[in-house]
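Chain residues, written in single-letter form:
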Amino acid sequence: SSDEEGALLYFPPSSAGGSRKPRTFKAASEEALQTFVDEVIVKGNTDTSAVPSKPLDRKQLFVCCHTQRDKRCGVCGPPLVTQLSSALGGGGQVRACSHVGGHSYAGNVLVYGNDMDWYGYVSPKDVASFAKALEAEEPGVVSVKLWRGRMGMTPDEHKAKVESMA
């Protein structure tokens, strides 16, 4: 299903406490949307009850398709969006996005479920196994070989996670 026009996607930071489940917000007015942005995004208030919302029940994938600084993501990204969308069916929402850093890791894929995991060097040959792992019930790293890290992890936590997966 597609997003509702005018909806704002919100991915709570790990420091927000409570549910980290991504949500979609639909403000009744421009003023309500500005209040949400000011209170939640700018001030970091974790109370999002002022704006009606609903949880996103599927994993959210963002594929870098940026072409301005470096062509690699612009070349690698669009085919990945198409192929991942097809492979996941209803199991995830795949979106093209702009620069996420690390052109040299193209194709860059960010996966937001319970955590935000970053993957690099994802190629069309990886799509089937990548999608299958994403659809598995167990949360965690989809591919050790492609995993670049997790949002909010310290370097020591990242190192320990990599060592535990070896």
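Worth saying up front: this structure is predicted, and the values here are computed from it rather than measured.

Novice: Sorry, what's going on with unusual backbone geometry here?
Specialist: As a rule of thumb, non-glycine residues mostly have phi less than zero, and peptide bonds are mostly trans rather than cis. We note that Tyr-121 has phi near 60 degrees; this positive angle belongs to a residue other than glycine. With respect to the secondary-structure elements, Tyr-121 resides in the loop between strand E7 (116–119) and helix H3 (127–135).

Novice: What is the right way to read the pattern of salt bridges from this model?
Specialist: Where charged atoms from two side chains of opposite charge come close, those side chains can pair. With the rule as written, the count across this model stands at 4 salt bridges. Two residues, Glu-39 and Lys-43, come together in a salt bridge whose shortest N-O distance is 3.1 Å. In this structure, the salt-bridge partner of Lys-145 is Asp-126, at a minimum N-O distance of 3.8 Å. Taken as a pair, Lys-145 in the loop between H3 and strand E8 (147–150) and Asp-126 in the loop between E7 and H3 lie far apart in primary sequence, 19 residues in all. A single network of salt bridges, built from pairs that share partners, joins Lys-125, Asp-126 and Lys-145.

Novice: Could you clarify how one ought to interpret helix H2 (residues 71–88) in this entry?
Specialist: Structurally, the α-helix is built with 3.6 residues per turn, so residues lying three or four positions apart point the same way. Across its 18 residues, H2 extends 26 Å between first and last C-alpha, which sits within 8% of the 26 Å expected from 1.5 Å per residue. The largest bend in H2 is about 30 degrees, located at Gly-77, with the proline Pro-78 one to four residues further on. Those residues of H2 that sit buried are Cys-73, Gly-74, Gly-77, Leu-80, Val-81, Leu-84 and Leu-88. Just downstream of H2, Gly-89 is the residue with a positive phi angle, here 55 degrees.

Novice: Would you mind showing me how to read the confidence of the model for the chain here?
Specialist: Predicted coordinates in regions of low pLDDT should not be interpreted in detail. Of the residues in the chain, 87% have a pLDDT of 70 or more, and the chain-wide mean is 81. Averaged pLDDT values for the elements of the chain fall to 76 in strand E3 (residues 53–55) and rise to 92 in H2.

Novice: What's the story with the pairing of strand E5 (residues 92–97) in this structure? I'm lost.
Specialist: Every other side chain in a regular strand lies on the same face of the sheet, so the side chains alternate between the two faces. By the criterion of burial, E5 is predominantly enclosed, with 5 of the 6 residues buried. Two strands pair when backbone bridges link them, and strand E4 (residues 59–64) and E5 are joined in this way by 6 bridges, in the parallel orientation. Residue pairing for E5: Leu-61 is matched across the bridge by Val-94. After leaving E4, the chain enters H2 and then returns to the sheet as E5, a path that is right-handed.

Thresholds applied
- Residues numbered from 1 in each chain as written.
- Predicted model: local features only at pLDDT ≥ 70, side-chain atom pairs only at ≥ 80, totals over all residues.
- Heavy atoms only, no water.
- Helix = DSSP H or I, 4+ residues; strand = E, 2+ residues; numbered from the N terminus.
- Salt bridge = Lys/Arg side-chain N within 4 Å of Asp/Glu carboxyl O.
- Expected span 1.5 Å × (residues − 1).
- Bend = angle between axes of the 7 residues up to and from the residue.
- Buried < 20%, exposed > 50% of the residue type's maximum accessible area, 1.4 Å probe, protein only.
- pLDDT = per-residue confidence, 0-100.
- Pairing = 2+ DSSP bridges.
- Right-handed = clockwise from strand over helix to strand, strands pointing away.

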